[in-house]
Each structure stands twice: as structure tokens, then as C-alpha cells.
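Structural overview
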Amino acid sequence: MFFKKEKNEKNDLSKVAALLIHAAKIDENFSKSEEVIIKQALLQIGVDNENLERIFSDGKKIEEDSNQILEFTKEVKNMEENDKIKIVETLWRIIYSNNEADIYETSLMRRLGGLLYIDNKLMGDIKEKIKAKSNHDLHSK
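Residues numbered from 1 in each chain as written. Predicted model: local features only at pLDDT ≥ 70, side-chain atom pairs only at ≥ 80, totals over all residues. Heavy atoms only, no water.

In this section: the overall build of the protein chain. Assigned secondary structure in the protein chain consists of seven helices and zero strands. Its helices and strands in sequence order give the protein chain the pattern α-α-α-α-α-α-α, from N to C terminus. Relative to the compact-globule value of 14 Å for 141 residues, the protein chain shows a C-alpha radius of gyration of 15 Å, a close match. The principal-axis extent of the C-alpha atoms belonging to the protein chain is close to 50 × 30 × 25 Å. Here the protein chain holds 141 residues, and the buried ones make up 42% of them. Restricting to contacts in the protein chain with at least 6 residues of sequence separation, those with at least 24 account for 74%. If you sum the accessible surface of the protein chain, you get close to 8400 Å²; carbon and sulfur atoms cover 50% of it. In the protein chain, 24 positive and 27 negative side-chain charges are present, and the distance between their average locations comes to 2 Å. (Helix = DSSP H or I, 4+ residues; strand = E, 2+ residues; numbered from the N terminus. Rg over C-alpha atoms; globule rule 2.2 N^0.38 Å. Buried < 20%, exposed > 50% of the residue type's maximum accessible area, 1.4 Å probe, protein only. Contact = heavy atoms within 4.5 Å. Areas by Shrake-Rupley, 256 points an atom, 1.4 Å probe, with all protein chains shown as cover. Lys, Arg positive; Asp, Glu negative; His and termini not counted. Charge placed at Lys NZ, Arg CZ, Asp CG, Glu CD.)

Moving on, we come to the packing of aromatic side chains. All chains considered together, the criterion is met by one aromatic pair. Both rings, one in Trp92 and one in Tyr96, keep their centres 5.9 Å apart while their planes meet at 25°; by these two values the pair is stacked. The exposure classification of Trp92 matches that of Tyr96, with both residues buried. Over the aromatic face of Phe56 sits the side chain of Lys39, whose NZ or CZ is 4.8 Å from the ring centroid. (Phe/Tyr/Trp six-rings, centres within 6.5 Å; stacked < 30°, edge-to-face > 60°. Lys NZ or Arg CZ within 6 Å of the ring centre and 35° of its normal.)

Right, let's talk about the nonpolar core for a bit. Among the nonpolar cores identified, the biggest contains 38 residues, and Leu20, Leu42, Ile87 and Trp92 are the most heavily contacted of them. For this core, the secondary structure elements donating two or more residues are helix 1 (2-25), helix 2 (32-44), helix 3 (49-65), helix 4 (70-77), helix 5 (81-95), helix 6 (103-115) and helix 7 (120-139). In terms of residue count, helix 1 provides more of this core than any other element does, nine residues in total. Beyond its immediate chain neighbours, meaning those up to four positions away, Leu20 contacts Ile38, Ala41, Leu42, Ile87, Thr90, Leu91 and Ile94. (Core = buried A, V, L, I, M, F, W, Y, C linked by side-chain atoms within 4.5 Å.)

The subject of this paragraph is helix 3. An ideal rise of 1.5 Å per residue puts 24 Å on 17 residues; helix 3 measures up with 25 Å between its terminal C-alpha atoms. Turning to helix 3, its buried residues are Asn51, Leu52, Ile55, Phe56, Gly59, Ile62 and Glu63. The arc that holds every buried residue of helix 3, seen down its axis, measures 140°, which confines them to one face. The exposed residues of helix 3 that point more than 90 degrees off its buried face are Glu50, Lys61, Glu64 and Asp65. (Expected span 1.5 Å × (residues − 1). Arc of directions from axis to C-beta.)

Before going further, it helps to examine the pattern of salt bridges. Applying the stated criterion across every chain yields a total of eleven salt bridges. Lys32 is the salt-bridge partner of Glu35, the closest N and O atoms lying 3.5 Å from each other. Residue Glu35 and its partner Lys32 are located together in helix 2, separated by three residues, close to a single helical turn. On the basis of relative accessible area, Glu35 is assigned to the buried category, the value being 16%. Each of Lys32, Glu35, Lys39 and Glu53 takes part in salt bridges that share partners, so that together they form one network. (Salt bridge = Lys/Arg side-chain N within 4 Å of Asp/Glu carboxyl O.)

Interpretation of this model should avoid reading the predicted coordinates in detail wherever pLDDT is low. Residues with a pLDDT of 70 or more make up 90% of the protein chain, whose mean pLDDT is 88. Predicted confidence for residues 1-8 stays below pLDDT 50, and this span has zero contacts to residues more than four positions away or in other chains. (pLDDT = per-residue confidence, 0-100.)

Structure below.
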């Protein structure tokens, strides 16, 4: 039983990776910096270094084989609130990694807010925090 639960947890994290990868690919420009952001986020929510590459590649495969985001969001929706917020912050970091959000990215985030039960104010606050940090980072280079 213990091993089965552990396998499921890894699968869950692969689906979280798939959601983050989906957000990175939605603007058709999946960059190395977005990959780094995703891997950092996975480490923050409990993926250990030895499983990081496997979970990331499993996430890529899940994302490529799927035609809807519902199966990814179910995993995030069931996470603790802190981890859920980390995921949303990561999604915004991915989107603003190129210093702009296109119509597809903002549409995705609107849908995800509803699917993850994150109210509009919190979603907006997180967006503005990440956007401000992204602008600050851009100007300090």
C-alpha cells in the first residue's frame, strides 16, 4: 500500500508539471528559462532532485498526450492552499518570463482561476506581484 501511494504522488506531481509545461507552451515559445522556472517550482512543492528529470519528462509526455487541462488541474485543486498558490505564482512567472502576457496566456489563467477555485482578487494580486517583480528584474539587468 505504501508504495502505491508513493507512485500516485509522483504521478500527481507529473500532472502538476504537465500543467506548468502547458502554460509555458501556450505561446508556442517554450524557453530554457521557463524550463528552469518549472523545475524550481517542482523542487519547492516536494519533488526531490533524484526524481526531478523523470517527473519533468513524464509531465512533458502527459501534456503532449492530453487535449484538455482538466486532468492537470484536478491534481492542483487538491493541494494544500500554500502549494496551490505557489503553482499559480509559478504559472504567472512562466507567462511573464518574456515580460508580456498574450491573449492565450491570460485566457488560460482566467480559466485556471475558476478551475482551481482561486478568487479573482487573489489571482489578480498574484499576477500583479509577479508582473512587478518581472519588471523590476528586467530593469535591474
